[in-house]
Amino acid sequence: MPQRRVSPLYVSHDRVGRATVRSLGTPRLDEPHAPVVLVPGLGAPGYLLRTLEHCARSGPARLLDVPGFGGPSGPVCPETLGALADTVARWLATVPPEPVVLAGHSTGAQAALHAAVRVPGRVRALVLLAPTFPPHLRRLRPLLGAFARTAVRDDPAVVPVVLPSYLKAGPRRLLNCIRSAQADAPEDVLPAVTCPVTVVSGEDDALCPPDWADRLTRRARSGRAVRVPGAHAFPHPHPAVTADLLTSARGGRS
């Protein structure tokens, strides 16, 4: 796919119902290729900026800052999974002129999954990047163990990128987000998705192990599983690999 010169990322503030959703990316979404829309995990968009920049080299792309912990007016919605999915769905129904390639990472993958079910006509393809949580990690103690095993394998450079968002969120909001995601069962939601689904997992990720990614893939009507280098935060050290998976799902406008 031909690449274009990327100008500095554009900051957009889109009115969605009573909320104003901040996003970063290309200023226009009405270009020949379907936009790629990214939803971050735990409300920390910074670690997906590299992937966003790579996606923007070949077409329109946006990274949603939801719930918006660092926004000047505070979060645009509660940090719970249902509220995040509702906000993403309303943005998809309001802002992009055509269906998008919707991609979420970690808990953001769960929000993207629910949003795709809420507004199926607005999603051309769904990409779940390191989706959380398999059943055995829906309790806090096993989750802490998996987090520790993954943290030692993740790129340490991701820490200063996500830390500002986590500090602004505070432990209570982060825990609310995690507990809400733990109460979810993505495997029960996937059969309702009507578009193609790609489930991407890192080779060293204990939070999204291979058997979990394969199980989710089998639950989709049209699914495929992809393994990539890295652990849970693989989009940060491997943005080109991640972006290639997203942009390959674009195709032309129908």
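Bear in mind the structure is a predicted one, so any value in this text is a computation, not a measurement.

A. Fine view of the packing of helix α2 (residues 81–94) against helix α3 (residues 107–118). It is at 8 Å that the axes of α2 and α3 come closest, and there the two elements cross at 55 degrees. Taken together, the axes of α2 and α3 are oblique relative to one another. Two packed elements cross with a definite hand, and for α2 against α3 that hand is right-handed. Together, Leu-81, Gly-82, Leu-84, Ala-85, Asp-86, Val-88, Ala-89 and Leu-92 of α2 and Thr-107, Gln-110, Ala-111, His-114, Ala-115 and Arg-118 of α3 make up the contact between the two elements. When the residues that make up the contact of α2 with α3 are grouped by side-chain class, the tally is 8 nonpolar, 4 polar and 2 charged.

B. Region of interest: the sheet that holds strand β7 (residues 197–202). Reading across from one edge, β1-β2-β4-β3-β5-β6-β7-β8 is the order of the 8 strands in this open sheet, with mixed pairing throughout. Two strands bound the open sheet, and with one partner strand each, they are β1 (10–16) and β8 (223–228). Across this sheet, the average inter-strand angle for adjacent strands is 25 degrees, counted without regard to direction. Both strand β2 (residues 19–25) and strand β4 (residues 61–64) contribute to a ladder of 3 bridges, which runs antiparallel. Pairing of Ser-23 across the sheet is with Leu-64, part of β4. Here helix α7 (residues 210–219) sits on the sheet and contacts β7 and β8; the angle it forms with β8, its principal contact strand, is near 160 degrees.

C. Highlighting the environment of Ser-23. Structurally, Ser-23 is set in strand β2. Residues Ser-23 and Cys-77, 54 residues apart in the sequence, show an inter-C-alpha distance of 14 Å. Among the polar contacts listed, one links the side chain of Ser-23 to the side chain of Arg-62, at a separation of 3.2 Å.

So, how was this worked out
Residues numbered from 1 in each chain as written. Predicted model: local features only at pLDDT ≥ 70, side-chain atom pairs only at ≥ 80, totals over all residues. Heavy atoms only, no water. Axes fitted to C-alpha atoms, helices over the stretch in contact; angles between N-to-C directions. Helix = DSSP H or I, 4+ residues; strand = E, 2+ residues; numbered from the N terminus. Parallel < 35°, antiparallel > 145°, perpendicular 65-115°, else oblique. Left-handed = near helix turned anticlockwise from the far one by under 90°. Contact = heavy atoms within 4.5 Å. Nonpolar A, V, L, I, M, F, W, Y, C, P; charged D, E, K, R; others polar. Pairing = 2+ DSSP bridges. Polar contact = N/O pair within 3.5 Å; in protein donor to acceptor, adjacent residues only side chain to side chain.

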